[in-house]
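# Chain and residue survey
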Amino acid sequence: MKRLLFLIAFAATAQNSKTTLTVDWIMRGPELYGHTPQSVRWSRDGSRVFFEWRAAATPLLAENDTYAVNRDGSALRKLSDEEAKQAPPTGGELSKDKSATVFVEGGDIYVYDHAAQMRKRVTRTGEAESGARFWQDARHITFQRGSNLYLLALDDASIEQLTDIQAPGAAPAAGPPAGGGFGGGRGAGAAAAASASSEQKGTDSQETVKKEERALLAVIEERAKKREEAEAKRKKENPRKPWTLPARHSVMTMMLSPDGKQVVAQVREAGDRDKTTIVPNFVTESAYTEDIPARDKVGDNQPLMKVALINRETGAQQWVEFSTKDRPVQLFAPQFSDEGKAVMRARAADNKDQWLLGLDLATGKVKELVKMHDDAWVGGPMSFNYGFLPENRVWFVSEQDGFAHVYSVSADGGTPKQLTSGKWEVRDVKLSDDRRVFYLTTAEASAAESQVYAMSIDGGDRRRLTKEPGGHEVTMSADGAMADVYGYTNRPPELYINGKQVTNSPAADFSKYPWSDPPIIDIPARDGVKVPARIYKPDNWKKGGPLVIFVHGAGYAQNAHKRWATYSREYMFHHLLRDRGYLVLDLDYRASAGYGRDWRTAIYRYMGGKDLDDQVDAVKWAIKEHGVDPKRVGLYGGSYGGFITLMALFTQPDVFQAGAALRPVTDWAHYNHPYTANILNLPQKDQEAYKRSSPIYHAAGLKGALLIAHGMVDVNVHYQDSVRLAQKLIELRKENWEFASYPVEDHGFVQPTSWADEYKRILKLFDTTIGVAPETVAAKGKK
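Reading the values: the criteria
Residue numbers run consecutively from 1 along every chain, following the written order of its sequence. The predicted nature of this model means local features are confined to residues of pLDDT at least 70 and side-chain atom pairs, given and counted, to a pLDDT of 80 or more, with totals for whole chains, interfaces and linings taken over all residues. As a rule here, side-chain values come from all non-hydrogen atoms in the structure, and water together with hydrogens is ignored. Elements are defined by DSSP. Helices are runs of H or I of four residues or more, strands are runs of E of two residues or more, and each kind is numbered from the N terminus. Atoms considered for the radius of gyration are the C-alpha atoms alone. The globule rule reads 2.2 Å times the number of residues to the power 0.38. For the exposure calls, accessible area comes from a 1.4 Å probe over protein chains only, and a residue counts as buried if that area is under 20% of its type's maximum, exposed if over 50%, partly exposed in between. When DSSP finds two or more bridges between a pair of strands, those strands are recorded as paired. Whether a crossover is right-handed comes down to one check: with the strands pointing away from the viewer, does the path from the first strand over the helix to the second run clockwise; if it does, it is right-handed. Whether two residues are in contact is decided by their heavy atoms: any pair within 4.5 Å suffices. Working definition of a nonpolar core: buried Ala, Val, Leu, Ile, Met, Phe, Trp, Tyr and Cys residues. They are joined through side-chain atoms within 4.5 Å. Lines are fitted to the C-alpha atoms to define the axes, a helix being fitted only along its stretch in contact, and any angle between axes, read from their N-to-C directions, falls within 0 to 180 degrees. Relative orientations are named as follows: roughly parallel for angles under 35 degrees, roughly antiparallel for angles over 145 degrees, roughly perpendicular for angles from 65 to 115 degrees, and oblique for any other angle. Helix crossings fall into two classes, left-handed where the near helix is turned counterclockwise from the far one by less than a right angle and right-handed where it is turned clockwise.

Attention now goes to the overall build of the chain. Within the chain, the regular secondary structure consists of 16 helices and 45 strands. Over its C-alpha trace the chain gives a radius of gyration of 30 Å, about what one expects of a compact globule, namely 28 Å for 783 residues. If one aligns the C-alpha atoms of the chain with their principal axes, the spans along those axes are about 115 × 65 × 60 Å. Buried positions account for 53% of the 783 residues belonging to the chain.

Below is the structure:
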């Protein structure tokens with residue numbers, strides 16, 4: 001009831017002072033609708049909540065400030081810089097006894113004492129530390145420096161080097177590492193370097209001369225014996241052998257096993273002869289064009305992730321072996337249980353299989369616990385996440401029954417147990433402080449909502465913790481209090497503590513317009529499936545009016561929901577279009593997130609197939625149900641939405657008369673590997689899938705008006721994509737297209753001026769091709 005009264009009052013206030021929307025006003029972005037509270041965390045005693053946030057009017061590139069508020073929602077205040085340093089960290093690892101958190105900041109290690117509510121700096125070194133973790137208790141920390149792992153004892157500040165890993169082709173280490181004033185390491189030392197040089201084998205002739213020299217000259221014999229004695233002593237005191245990495249190998253992450261005997265290293269083997277793209281940056285502080293190293297392209301020789309076990313005492317190394325006959329497998333660093341068990345994830349390079357494996361740290365052998373297979377590709381919400389439960393069990397998420405659900409399995413193997421079920425998906429999984437309760441964010445209430453439930457780790461009934469329709473991101477305290485970042489369709493997200501609103505993010509003038517809660521409808525597709533869509537219908541709609549379809553990006557994303565939109569500027573732009581007489585549809589087309597495995601994989605081997613069919617079927621529905629003029633239909637979108645826009649104009653030119661393709665993929669063979677190889681396999685092995693899915697091969701079909709807009713420093717979908725398409729359109733002698741370039745923008749625009757320029761061009765495109773001139777709309781409104 002309180003929420004209903006709030007919305008009525010909000011709508012009445014907004015209606016009484018309604019402003020006329022302009023592109024410049026909308027494209028202020030967070031300066032208008034505010035910044036979402038982030039990094040929400042409780043103090044360990046549950047008395048306060050800390051979070052990162054900033055006011056709507058702060059400068060564009062300003063950093064978030066740290067805020068604190070009491071458990072009852074009172075005494076909200078921004079912390080000073082010094083106070084913020086003493087707030088609980090936003091990341092790091094909590095010790096088993098919950099007393100401390102270790103984290104890395106600026107390349108140095110810190111420990112936060114939760115009882116004292118203070119941080120302590122542990123290292124101050126020139127070389128960066130990373131991967132800090134507690135080992136056994138809150139008094140020992142392992143961390144990585146360069147390619148090696150170290151153990152730091154907080155009680156006496158001593159540091160022990162646990163590995164001696166050297167880069168490919170490197171000489172042996174000359175001494176212990178720089179310790180920033182802490183105790184010495186266990187490096188090989190200068191003597192080791194000298195002995196390595198002396199012991200190096202030469203040719204037969206060289207070895208003969210060396211032997212004769214030792215027998216001939218007494219001084220050489222004395223030096224050799226002294227060296228051999230010193231080497232024998234060194235090996236006795238420190239038997240660890242250095243490990244020189246093979247060519248193209250580098251260490252990623254390292255961990256010390258619970259028993260302290262083995263170091264587990266995740267190692268990356270770079271692809272042979274792979275090539276990295278370069279993105280030119282034209283607007284720079286130096287006034288010179290500078291190159292930004294970017295990614296490789298799909299199908300190029302990809303890096304292989306491996307796992308090695310290194311004996312802490314001897315340095316002996318062995319690879320963890322797991323293969324599938326004809327396919328490479330990526331291996332990822334394991335997690336450890338309290339009982340010392342190790343479980344790791346593996347994924348086939350062709351993306352169709354994924355495993356959870358039990359790892360025997362003593363032998364390096366693995367045991368298959370769970371296998372997940374998909375004829376398309378393994379994916380879905382939380383598909384790469386797992387964790388340990390009490391009693392040596394492991395939880396994981398699988399789409400085995402068609403929807404993402406939680407399962408558990410023994411770390412020793414056995415039949416997995418399904419803990420949730422139904423034609424809805426689990427979107428997030430968190431464990432309670434005592435690891436006896438799951439906090440699950442699910443679509444159980446509606447695919448359009450994200451609600452949070454509590455459930456025993458053994459499964460069974462779920463208790464709903466959040467009530468209001470919309471989207472909830474919950475952080476629980478150790479004693480079960482709830483901090484909730486909650487937003488609704490027309491209400492930007494705010495922080496609530498136990499139901500009480502704490503923040504108020506939008507600028508004052510945001511409420512001058514009555515932002516609507518657009519209905520979510522089901523549009524029938526040609527194969528009988530109902531496609532969810534938001535609809536924005538003008539109040540004075542008459543048959544014969546224009547239609548604009550918005551195509552969200554990412555492919556696997558969701559926008560027809562009751563949460564505050566990720567595409568917030570587009571949400572506001574759709575109100576502007578509606579006010580100018582356009583009917584607007586925003587579809588969760590096939591491959592969108594939120595609707596299960598079959599929906600997710602419907603585009604396998606054909607992007608621009610069923611996902612584009614859904615857009616075409618939406619046009620037919622709008623013509624039939626709302627009297628849209630079939631000659632006044634346009635669409636627009638960014639990234640994947642830009643790709644669909646191109647495919648629509650090139651392959652369905654009689655359906656769509658105008659379109660704006662923003663930062664579009666024009667040729668999938670030029671996009672990244674992890675995303676594209678999932679859906680289209682490899683270009684060298686499935687050319688048909690790539691050619692029928694890539695707009696550049698269909699450009700000859702263009703009839704309508706096309707706007708292409710692209711940021712020139714886009715390191716995701718490269719500016720080159722649109723440049724190549726522009727050249728193709730020139731060669732085809734097409735004339736009804738424009739190309740707008742944005743010199744300082746990456747994939748996601750930042751500058752409000754860039755946003756405004758882009759959307760003014762989109763509005764102009766629609767107004768001059770399919771739309772109604774603004775003065776005509778105003779004249780109709782006066783009658």
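Here strand β41 (residues 583–587) lies mainly inside the structure; five of its five residues are buried. Side-chain alternation along β41 places Leu583, Leu585 and Leu587 on one buried face and Val584 and Asp586 on a second face that is also buried. One ladder, built from four bridges, connects strand β39 (residues 530–536) with β41; its direction is antiparallel. The residue of β41 that forms the bridge with Arg534 is Asp586. Of the pairings in the sheet, the one linking strand β40 (residues 547–551) to β41 comprises five bridges and is parallel in character. Counted as the bridge partner of Phe550 is Asp586 from β41. In this region the chain leaves β40, passes through helix α8 (residues 568–579) and returns to the parallel neighbour β41; the handedness of that crossover is right-handed.

Strand order in this open sheet of four strands is β5-β6-β7-β8, and the pairing throughout is antiparallel. If you trace the sheet from one side to the other, it starts and ends with β5 (93–94) and β8 (118–121), each paired once. Bridge analysis of strand β7 (residues 108–113) against β8 gives four bridges, and the strand direction is antiparallel. Its bridge partner being in β8, Asp113 is matched across the sheet by Met118.

To continue, consider the environment of Val263. Considering the arrangement of structural elements, one finds Val263 in strand β16 (residues 262–269). Not counting residues within four places of it along the chain, the set of residues in contact with Val263 comprises Leu149, Leu162, Thr163, Met254, Met255, Leu256, Ala308, Leu309 and Ile310.

Counting 60 residues, the largest nonpolar core has Ile549, Leu585, Phe656 and Leu706 as the members making the most contacts within it. In this structure, Leu706 is in contact with Leu646, Leu649, Phe650, Gly659, Ala661, Leu729, Asn736, Trp737 and Glu738, ignoring residues within four places of it in sequence. Counting 41 residues, the second-largest nonpolar core is a separate cluster that includes Tyr513, Trp515, Leu763 and Ile770.

The next subject is the packing of helix α10 (residues 610–626) against helix α11 (residues 640–651). Where α10 meets α11, the closest approach of the two axes is 10 Å, and the angle between their N-to-C directions is 70°. The orientation of α10 with respect to α11, classified from their angle, is roughly perpendicular. For α10 against α11, the interelement crossing comes out right-handed. For the pair formed by α10 and α11, the contact residues are Asp611, Leu612 and Gln615 on the first element and Tyr640, Phe643, Ile644, Met647, Ala648 and Thr651 on the second.

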